[in-house]
Amino acid sequence: MLRNKWTWRDCGWAVACWLLSGLLAVGPATARGVEATPSLRIETGSHVAPIRAAGMDRDGRYAVTASEDKTARIWDAASGSLLAVFRPPSGAGNDGKLYAVAMAPDGALVAAAGWSASNDLYLVRRHDGQIIHRITALPDVVTHLSFSPDGRTLVVGLWGRQGVRVFLGADGWTSARELQGDADYSNEVNATAWSPDGKTVVVSSADGFVRAYEATAKGLKLLSRSTPAGTGIPFGLAFSPDGQTVAVGASDQGNIVLLDAKTLKTRKVLSSTKGSLARSLSVVAWSADGKRLYAAGSWVTDKGQFAILAWPDAGQGEPAVLPVARNTITALHATRDGSLLYATADPAWGVLAANGQPLFAVGNSLLDFRNLRSRFRLAADGGALAFQETRPGSSGDAFDIRQLAWAKPGKDWQAPRTSAAKTMVDNWFERQQPSINGKGIGLDANEWSLSASVARDGSRVAIATNFQIRLYDRNGRELWRTAAPATAWQINTSDDGRWVVAALSDGTVRWYRQQDGSEQLVFFPQADGRRWVMWTPGGHFAASPGGENLVGWQVDRGPAQAADFYPVSRFRAEYYRPELLSEVIGKGSGSAALAALPAGAAAPPGGQAIRERLPPTVRIVSPDTVGTTGGNEIKVQLAVRAPADAPVTRLRARVNGQPVALPPLSSLRSSRSDSNESIYEVPLPVSGLDAQLLLFAENKHGVSPEATLTLKKPATAAAKEAAANASSGAVPPAGAAGAGGVDLRPALYVLAVGVSKYQDPAIQLEFAAKDSTDLSNFFKTQEGGLYRKVSVRLLTDSGARRDDVLDGLEWIRRELTARDVAMVFIAGHGVNDADGTYYFLPQDVNIKALKRTGVIFSEIRNTLVSLPGKAMFFIDTCHAGNVLGTGTRSLRLDTTAVINELSSADNGVIVFAAATGRQYAQESSDWGNGAFTKAILEGLRGKADYNKSGRITHKMLDLYVSERVKALTEGAQSPVTIVPSGVPDFPLVLGQR
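Residues numbered from 1 in each chain as written. Predicted model: local features only at pLDDT ≥ 70, side-chain atom pairs only at ≥ 80, totals over all residues. Heavy atoms only, no water.

Neighbouring strands of a sheet are bound in pairs by backbone hydrogen bonds; such pairs are parallel or else antiparallel. Taken in spatial order, the four strands line up as β50-β52-β56-β55 in an open sheet, and their pairing is antiparallel. The two strands at the open ends of the sheet, each matched to only one other strand, are β50 (617-622) and β55 (670-672). The average undirected angle you get between the axes of adjacent strands in this sheet is 35°. Here strand β52 (residues 633-641) runs beside strand β56 (residues 678-685); their pairing, made up of eight bridges, is antiparallel. Each bridged residue has a counterpart across the sheet, and for Val 640 the counterpart in β56 is Ser 678. (Pairing = 2+ DSSP bridges. Helix = DSSP H or I, 4+ residues; strand = E, 2+ residues; numbered from the N terminus. Axes fitted to C-alpha atoms, helices over the stretch in contact; angles between N-to-C directions.)

Moving on: the sheet that holds strand β7 (residues 109-114). Taken in spatial order, the four strands line up as β6-β7-β8-β9 in an open sheet, and their pairing is antiparallel. A single partner strand is all that each edge strand has here, and the edge strands are β6 (98-103) and β9 (131-135). Taking the axes of each pair of neighbouring strands and ignoring which way they run, one obtains an average angle of 20° across the sheet. Pairing analysis gives four bridges linking strand β8 (residues 121-125) to β9, with the strands arranged antiparallel. Within the sheet, the bridge partner assigned to Tyr 122 lies in β9 and is Arg 134.

For the protein, the mean per-residue pLDDT works out to 89, and 90% of the residues sit at or above 70. Low pLDDT, under 50, characterises residues 721-735; the stretch is placed with 18 contacts to residues that sit more than four places away or in other chains. Within the model, pLDDT remains below 50 along residues 882-890, and this stretch shows 17 contacts once partners closer than five positions in the same chain are excluded. (pLDDT = per-residue confidence, 0-100. Contact = heavy atoms within 4.5 Å.)

Attention shifts here to the packing of aromatic side chains. Each pair of aromatic rings is reported with the distance of its centres and the angle of its planes. Per the counting criterion, the structure on display carries 20 aromatic pairs. For the pair Phe 523 and Trp 532, a centre-to-centre distance of 6.2 Å together with 55° between the ring planes defines the contact as tilted. In terms of burial, Phe 523 and Trp 532 fall into one category: buried. Within the aromatic cluster, the residues linked to one another by ring pairs are Phe 369, Phe 387, Phe 399, Trp 406, Phe 523 and Trp 532. For the cation-ring pair, Arg 211 lies above Tyr 185, with the distance from its terminal atom to the ring centre recorded as 3.6 Å. (Phe/Tyr/Trp six-rings, centres within 6.5 Å; stacked < 30°, edge-to-face > 60°. Buried < 20%, exposed > 50% of the residue type's maximum accessible area, 1.4 Å probe, protein only. Lys NZ or Arg CZ within 6 Å of the ring centre and 35° of its normal.)

What follows is the structure, given as structure tokens:
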């Protein structure tokens, strides 16, 4: 097998070849109803499954990628920032996977298609991902799409023997008429390409032919077809800019064939003496000037890097080798300015400059579970697992579900076995017929075994494949099988015989009940070992700080509408249930854990229950995703939709993270759209500078996901600002003043609360009060520099009683203006009551009367989210004091919900937290402070100014504090900073030059 020669990348060579040779044939998509049950989907801001196709507009401003993760994503091609997401209606299995995409030449819309119940093709607005037209009932799955150079005609390649279809768009593709195509094919279409003048279309097919058509007013007229020598199975196609030559890639060869565009006769065969000829060069592109020819696919260097080959002089000489990927390269697209877009099955995409140097790459944040068999170790009860090699000082190598926390791997945790108690599984790695005790196990067509695990007592054997999770007895009899939502790289069985645990290519680890194969728990850890989210199939979830937006509910709206998506954070109040998640392993199922909770403690599980609790949706109709403004106000048209029984009650907005007052709905001009949305015209104040606008709608169920609008300052204003920054070193001068001598620098307001000496002698701390005092003293020294004024209210020990804290919150709320910066620092004890509500414990707290004597989180939240200026919250309340010594065992400590709620986009507060989740914060006389405060003070005093810029921003401080605290505590404490979307980086203090 080639696996002995090649590093196992995406699926291994044998399994990965489907990326090039065709689609997975695992049965037809099932029909969907208009009210399809909402489903949980991973959302990381980038793709989580192989990218199958990519495209760009004529001018190279926008890029679009289509993926098996059932999304198409539209990007800013200059920066790689995400602009919009298209979510097609979709169901279980392959239903909704996108295999083909194309962008209209003018960039106004995208065509996307793949696998759906009715073989649908969607025409989608580029700026908001909404469907403007659906072409339905095509005869098979769509494999390729390409627009004519004028954008009026679309060629559609199909799976099976259905050939090509052609459609003519009208009225901006709000309607389409089918023209003459060609169904005389004996295998699927691999690619289509238009000549630069729009007069000719070439098509490659797995039947071995390349066909050339004349594009006429009636459709396609076949001119010729051939099986050129050296092509193998023809795949990718590209016309040279002069229209005279067609480059053809192959799905089974490392050659590129150059054909005469008129005759389809071979002019030249290109190959490389470097790398691997056993791998394919399946996708091709010409540079805009025709001087370079690019090709890529599964071709790798001798170091195992997937590379793009770039032939100079239109195919003369040896090609340059440009390593760019860890996996099969699935798309290439050259731009007018000489840059080159590529996409991969990793999934990732990026852009190279004309000289081959990378401009940027957009990767993924998925953990890669390949090649980790010996490290994929499981605790005996299935309640904790390790999933990568232990790294010094790392807290993200293993996870304990019972504690919902990162952990160090246990020495007795078990790796998957291939034999136990006279049971042996063989022939299981990258094979289609594994065996159990010598008996062959037949898999489905195109299904490959990738991992196996024998139970401790030998009674069961679990097998993971690219399609399914399977369980057998020792005699090879199938006990159950369940469809896997992604390729299953690893599998293990718990020694107590209750769980089958699989690690998948979408970055998830999933727990299946061994008795029946039902999925009970899903864990999604980020590769950085910090953020994570865990959920049950019914939607109850737990998450790390910053982790609750990594998964959400897709809610379909019928076959002709793009689906809605709601992060689980929008259902936090009812579905954030860490106490439930931590009990699933011990109870044996999510339903048993739910039943063990007090009545009414958790909302009903399932997608239908979610549908009854939907917040509104909001999207921006105009201006476009990226606008330019030089005035003081912009009028934004918003389309708002809400359930009939939960109408919108108000609109909200933030500009660069700061709240902006909007008129009430009743005073706004409104109309109705064709899709039953309310269209409002909303005036928003802007400064004429760069700004990011976030807009929200609210109803009785909560706040919508944000709609985002990025505003760029006019070029003249940008040039003036750049010149000013250059002359001042980008640091405001001490006497910064505007017209009339008005000091334009912000004021800083600091509320610092620290309690070490409680009235209750059982919960004393040592450095909380000193931490608050030291930070207050530092910020007082900043007056006259970055800040025109620094006002501090310090509350410590006997001065930090409940009424004092509430008065302090009222003070900062009253004093702050829109130009100013607020910092609230609290240090001491915090607890969650039996309902999960967080309380800060003031000096005079009575644990037995918490609601009356504690400072409830809502008081802190209401203050911070209403502040008109920039708001920052430092929370250091995770100390290991004897809070539970009073016998009030219902109290626990978990600040996650507090951090996530404050830092959500609609609340806009930057949160620095001393520790994550249920960790304890450390303090020591050796430091003279808590570890968190010590790191903050060091960073602010200059150590966070890594590049000696003369200022320290919140991102710089985050980087320093994160690493410094982990070093001080030897990994026992992991601070976290969460910055809401829409909040730009800004300086906190001036550093030392």
